[in-house]
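Geometric and topological summary
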Amino acid sequence: MSITIRGGSIVDASTESRRADVRVDGDRIVAVVAPGAALPSSDLEIDVSGCVIAPGLVDLHAHLREPGREESETIETGSRAAALGGFTAIVAMPNTEPPHDSRPVVEFVREQGRRAGLCEVLPSGCITVGRAGEVLAPYAELREAGVRFFTDDGNGVQDPLLMRRALEYARDLDIVLAQHCEVASLTKGAVMHEGACCSRLGLPGWPSLAEELMVHRDIELCRLTGATMHFLHLSTARSVELVRRAKADGLPVSAEVAPHHVSLTDEMLSGFDPVFKVNPPLRTAADIAALKVGLADGTIDAIATDHAPHAPHLKEQPLDQAPPGMLGLETALAIAITELVDTGLVSLQGVLAALSWNPARIARVEDRHGRPVTEGEPANLVVFDPTAEWVVDRNRSASRSSNNPYHGRVLRGRVRHTIFAGHAVVVEGEARR
Amino acid sequence: MKHLRSIPEIGPDGIVRLLEISRRMAEVNRRPVPKVPALVGRTVASLFFEDSTRTRLSFETAARRLSADTMTFSVSTSSVNKGESLRDTVETLDAMGVAAFVVRHRSSGVPWQMENWTNASIVNAGDGWHQHPTQALLDLLTVHDRFGLDPSLSSLRGIRVAIVGDVKHSRVARSDVQAFTMLGADVVLVGPATLMPPEVDGWPVSIAGSIDDVLGEVDVLYMLRMQRERMNEALVPSMAEYGSRFALDARRAALLKPGAIVMHPGPMNRGIEMQVDPTLLPGSAIADQVANGIAVRMAVLFDLLGQPEGGIPS
């Protein structure tokens with residue numbers, strides 16, 4: 001299939017904005033030419049005036065629920081939500097049933113992603129068998145199956161000795177361990193951020209300290225072992241500061257934040273709607289401000305969705321039983337534009353760094369995602385209108401679930417086309433597969 | 001008023017209105033036949049997901065004295081044990097034609113979540129650590145009665161209230177702090193820091209670490225129930241040590257100023273927070289609280305379900 005994209009402006013790692021027309025043929029970009037220059041005719045010719053053409057987005061953090069919880073999401077429905085959100089690669093979190101701790105499971109996940117054909121599904125691996133925090137998972141076996149990103153996400157690795165061994169063992173395998181930072185004994189039964197709001201609402205609190213203690217511990221373990229470490233969904237101001245200092249010390253650490261942690265505060269729980277229960281919890285306006293500064297100064301490398309679908313009958317339980325998590329794939333780019341670009345805190349190129357080439361590097365897929373938009377590169381692209389306003393409607397989602405915290409909100413920035421491996425998988429905001 | 005779910009939702013005006021209706025209901029309760037036909041034909045369902053005998057009986061007695069029909073749902077005998085969801089339970093009872101749900105649940109916020117699944121009125125009989133508004137109203141009524149006050153937006157000005165014990169896990173404390181201060185009372189919270197909410201900066205209260213510092217100053221000493229399981233969470237070293245610092249015993253009772261009253265939401269832990277027999281305390285208002293509970297709950301049900309027709313239907 002060949003595609004010609006005319007009228008847009010390229011933004012990539014090397015270009016803040018450059019008007020050009022782009023032609024894709026097969027799975028490659030075959031021409032990047034001056035606006036209006038002659039190009040051979042293509043199967044699909046699209047006019048994208050006013051839009052940005054960028055490398056496809058990469059999500060380090062998507063819960064696809066398959067295998068085991070297909071009532072909430074499947075790899076196909078999650079991939080479709082990803083494509084509609086402009087993503088061409090997503091890391092599938094390991095907390096499925098069974099979890100990603102053996103070769104057959106990760107091969108199944110990758111294969112289901114291939115069958116869906118909407119984006120590249122990158123299975124993560126577990127740090128410990130069964131995500132139980134007791135025995136190391138078989139990293140080399142999983143690496144042979146293509147896994148480069150390992151996490152027990154949903155659980156933090158509690159035992160410092162085990163985490164030390166994990167980092168030491170991982171060091172020679174050129175893989176990255178990603179921590180869900182939560183000291184579990186401090187968050188037992190927690191429903192929301194510990195602070196003024198939880199005190200008023202009488203809901204059990206999740207103290208910031210529970211995250212920060214583990215961030216601090218793991219930074220010191222990186223210093224000790226020299227292994228590479230990624231911090232998942234950081235949510236507090238102190239966590240950002242700890243990572244900032246670790247980077248200043250030259251440690252090989254990276255970090256992500258979730259869109260909801262830069263856009264929603266703990267006050268959202270005032271109406272007791274379980275859609276706003278998420279782990280780590282929504283924090284305060286001061287935390288949001290610090291996370292945004294972290295993104296602006298590069299302390300935070302990536303924006304990762306923590307897309308966490310839950311079927312309605314699971315999510316609409318009393319708050320103490322409702323599972324934590326919210327949808328994110330279809331709104332991530334618009335939240336980033338609305339909260340970071342429109343507010344003047346981060347350039348559009350900076351936001352795309354956090355949504356594309358930085359996470360591509362962290363997930364070790366920089367050979368095919370987050371690439372510059374130039375001739376010969378793999379055709380993984382997103383085309384979006386950075387100024388288009390739209391109203392989020394939880395009932396118009398490709399996800400199987402509807403736990404969307406932005407329902408009814410007006411956001412700016414809308415994905416129009418997504419091209420994955422040379423295929424136009426999303427055209428004019430509609431999935432083609 | 002559609003629901004009674006929290007003290008802030010009804011505000012000071014709602015509190016005063018309900019206290020005035022409560023006094024009229026207390027008068028009904030003093031009649032030889034304490035029953036009126038105000039809610040004939042309306043069904044009140046009590047939906048108790050957490051054990052409570054006194055609150056449930058108090059609500060059901062209130063409903064019957066207004067001639068409402070009552071329906072009781074308690075978890076031990078229900079389909080919840082077969083895995084039925086809260087939503088399905090509410091929708092099933094709603095389909096039977098319920099005018100009001102009286103709900104208690106261990107999870108804060110359930111009365112708000114239920115709004116999505118029923119058009120009936122919702123009365124919060126206690127949600128998690130959050131709110132227990134009828135307890136706050138009956139506590140206010142008791143204080144007004146004992147001090148000979150008429151409810152108004154400033155009727156408790158000059159009244160000093162100490163709330164002692166496990167404030168952190170107490171829906172009674174949260175509701176009472178708001179209700180007492182809305183009518184002008186000064187409230188001091190007393191307890192170890194481990195049993196205080198994590199952040200009370202915005203609360204209109206002062207904090208004291210010792211009960212002995214406040215005994216001689218307060219008009220109302222409100223003792224909270226201390227739950228034994230708190231010991232397993234390392235919140236206090238032992239019940240004995242808790243008692244030595246925060247219990248009401250005969251020595252401390254003697255230090256109360258003349259005319260001060262002692263309150264407790266029940267059920268009491270004798271030998272833990274109450275180390276003196278309250279029936280021997282001249283200031284004990286605990287029995288009044290229980291009696292006032294019925295009048296207040298009659299007022300609430302009447303206010304919710306007697307409207308919009310107003311008055312007592314013939």
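Residues numbered from 1 in each chain as written. Chains lettered and ligands numbered in written order. Predicted model: local features only at pLDDT ≥ 70, side-chain atom pairs only at ≥ 80, totals over all residues.

1. Things to note about the sheet that holds strand 7 (residues 52-55) of chain A
All names here are of chain A. Inclusion rule: DSSP-based pairing: two strands are paired if at least 2 bridges between them are found. Elements are defined by DSSP. Helices are runs of H or I of four residues or more, strands are runs of E of two residues or more, and each kind is numbered from the N terminus. We call two residues in contact when their backbone-placed C-beta atoms lie within 7 Å. Here an angle of 0 to 180 degrees is reported between the N-to-C directions of two axes, which are lines fitted to C-alpha atoms, with helices fitted over the stretch in contact.
Across the sheet, seven strands lie side by side as 3-2-7-18-19-20-21; this open sheet has mixed pairing. In this open sheet, the two edge strands, each paired with only one partner strand, are strand 3 (15-19) and strand 21 (430-431). Alignment of strand 20 (residues 423-427) against strand 21, held across two bridges, turns out to be antiparallel. Following the sheet pairing, Val427 is matched in strand 21 by Glu430. Against the sheet, helix 10 (residues 332-341) contacts strand 18 (381-391) and strand 19 (410-420), and its axis sits at roughly 135° relative to strand 19. Relative to the sheet, helix 11 (residues 348-362) contacts strand 2 (9-12), strand 3, strand 7 and strand 18, its axis offset from that of strand 7 by approximately 35°.

2. A closer look at the environment of Arg106(B)
Looking at the secondary structure, you find Arg106(B) in the loop between strand 3 (100-105) and helix 4 (110-113). Separated by 56 residues in the primary sequence, Arg106(B) and Glu50(B) have C-alpha atoms spaced 6.2 Å apart. Contacts of Arg106(B), omitting those with residues within four sequence positions, involve Asp320(A), Phe49(B), Glu50(B) and Gly128(B).

3. Quick notes on the domain arrangement of chain A
All names here are of chain A. The following threshold applies: The source of the domain bounds is an automatic or database domain assignment. Side-chain classes are defined by residue name, with Ala, Val, Leu, Ile, Met, Phe, Trp, Tyr, Cys and Pro counting as nonpolar, Asp, Glu, Lys and Arg as charged, and the others, Gly among them, as polar.
Under the domain assignment, chain A is made up of domain 1 (2-53 + 376-431) and domain 2 (56-362). If you average the C-alpha positions of domain 1 and of domain 2, the two centres end up 26 Å apart. With 30 residues of domain 1 at the contact, the number on the domain 2 side is 41 residues. Considering each element in turn, the side of domain 1 that touches domain 2 owes the most residues, seven residues, to strand 19. In terms of residue class, the side of domain 1 that touches domain 2 is built from 17 nonpolar, nine polar and four charged.

4. Here we look at helix 6 (residues 171-182) of chain B
Residues and elements named next belong to chain B. The following threshold applies: Here the expected span of a helix is defined as 1.5 Å times the quantity of residues minus one. Put simply, a residue is buried when 20 or more other C-beta atoms lie within 10 Å of its own C-beta and exposed when 12 or fewer do; between those, it is partly exposed, and each C-beta is set from the backbone.
In this model helix 6 runs 17 Å from its N-terminal to its C-terminal C-alpha over twelve residues, within 8% of the 16 Å that 1.5 Å per residue would give. Counting buried positions along helix 6 yields eleven of twelve residues, so the element is predominantly enclosed. Listing the buried residues of helix 6 in full gives Arg171, Val172, Ala173, Arg174, Ser175, Asp176, Val177, Gln178, Ala179, Phe180 and Met182. Elements in contact with the buried residues of helix 6: helix 1 (7-29), strand 4 (121-127), helix 5 (133-147), strand 5 (160-164), strand 6 (186-190) and strand 8 (220-223). Following helix 6 by one or two positions, Gly184 adopts a phi angle in the positive range, close to 100°.

5. As for the sheet that holds strand 3 of chain B
By definition, the strands of a sheet pair up through backbone hydrogen bonds, in either a parallel or an antiparallel sense. Residues and elements named next belong to chain B. Read from one edge to the other, the open sheet built from four strands follows the order 2-1-3-4, with strand pairing classed as parallel. In this open sheet, the two strands that pair with only one neighbour each are strand 2 (69-74) and strand 4. Between one strand axis and the next, the sheet turns by 15° as a mean value, whatever way the strands run. Summarising the sheet, strand 3 and strand 4 pair through five bridges and their orientation is parallel. For Phe101, the partnering residue across the bridge sits in strand 4 and is Ile122.

6. Quick look at the packing of helix 2 (residues 54-65) of chain B against helix 9 (residues 286-305) of chain B
Residue and element names in this part refer to chain B. Keep this limit in mind: Roughly parallel refers to an angle under 35 degrees, roughly antiparallel to one over 145, roughly perpendicular to one between 65 and 115, and oblique to any angle outside these ranges. Take the far helix as your reference; a near helix turned counterclockwise from it by less than a right angle gives a left-handed crossing, and one turned clockwise gives a right-handed crossing.
Taken N-terminus to C-terminus, the directions of helix 2 and helix 9 make an angle of 60°; their axes are 8 Å apart at the nearest point. Comparing their axes, helix 9 and helix 2 come out oblique. In the packing of helix 2 onto helix 9, the handedness of the crossing is right-handed. Side by side, helix 2 and helix 9 meet where Ser58, Phe59, Thr61, Ala62, Ala63 and Arg65 of the first sit next to Gly293, Ile294, Arg297, Met298 and Leu301 of the second.

7. What to know about the pairing of strand 9 (residues 87-92) of chain A
Residues and elements named next belong to chain A. Convention followed: When the strands point away from the viewer and the connection leading from the first strand across the helix to the second strand turns clockwise, the crossover is called right-handed.
With respect to burial, strand 9 is a largely interior element, six of its six residues being buried. Relative to strand 9, strand 8 (residues 57-62) runs parallel, the two sharing four bridges. Following the sheet pairing, Val58 is matched in strand 9 by Ala89. Following the backbone out of strand 8, through helix 1 (residues 75-84) and into the adjacent parallel strand 9, one traces a crossover that is right-handed. Note: strand 9 against strand 10 (residues 120-123), four bridges, orientation parallel. Note that in strand 10 the partner of Ala89 across the bridge is Glu120.

8. Brief notes about the interface of chain A and chain B
Across the boundary between the two partners, chain A contributes 17 residues, which contact 22 residues of chain B. Top element by residues in the side of chain A that touches chain B is helix 5 (residues 196-201) of chain A. It accounts for four residues. Residue composition of the side of chain A that touches chain B, grouped by class: seven nonpolar, seven polar and three charged.

9. With respect to the domain arrangement of chain B
All names here are of chain B. You can read the domains of chain B as domain 1 (7-132 + 291-305) and domain 2 (134-285). For domain 1 and domain 2, the distance between their C-alpha centres works out to 25 Å. With 24 residues of domain 1 in contact, the opposing surface of domain 2 contributes 23 residues. Looking at the side of domain 1 that touches domain 2, the elements with two or more residues in it are helix 1, strand 4 and helix 9. Of the residues contributing to the side of domain 1 that touches domain 2, the split by class is twelve nonpolar, eight polar and four charged.

10. Focus: unusual backbone geometry
When glycine is set aside, most residues are seen to have a negative phi, and most peptide bonds are trans. Residue Pro280(A) is reached from Asn279(A) by a cis peptide bond, and omega for that bond is -5°. Counting through the fold element by element, Pro280(A) comes out in the loop between strand 16 (253-257) and helix 8 (285-296). In this chain, Gly266(B) is followed by Pro267(B) through a cis amide linkage whose omega measures -10°. With respect to the helices and strands, the residue Pro267(B) is situated in the loop between strand 9 (261-263) and helix 9. Unlike most non-glycine residues, Phe272(A) shows phi in positive territory, near 60°. Here Phe272(A) shows up in the loop between strand 16 and helix 8. When the 25 C-beta atoms within 10 Å are taken as the criterion, Phe272(A) is described as buried. Phi is positive for Glu428(A), close to 50°, though the residue is something other than glycine. Assignment of secondary structure puts Glu428(A) in the loop between strand 20 and strand 21. Judged by local crowding, Glu428(A) falls into the exposed class, with 10 C-beta atoms found within 10 Å.

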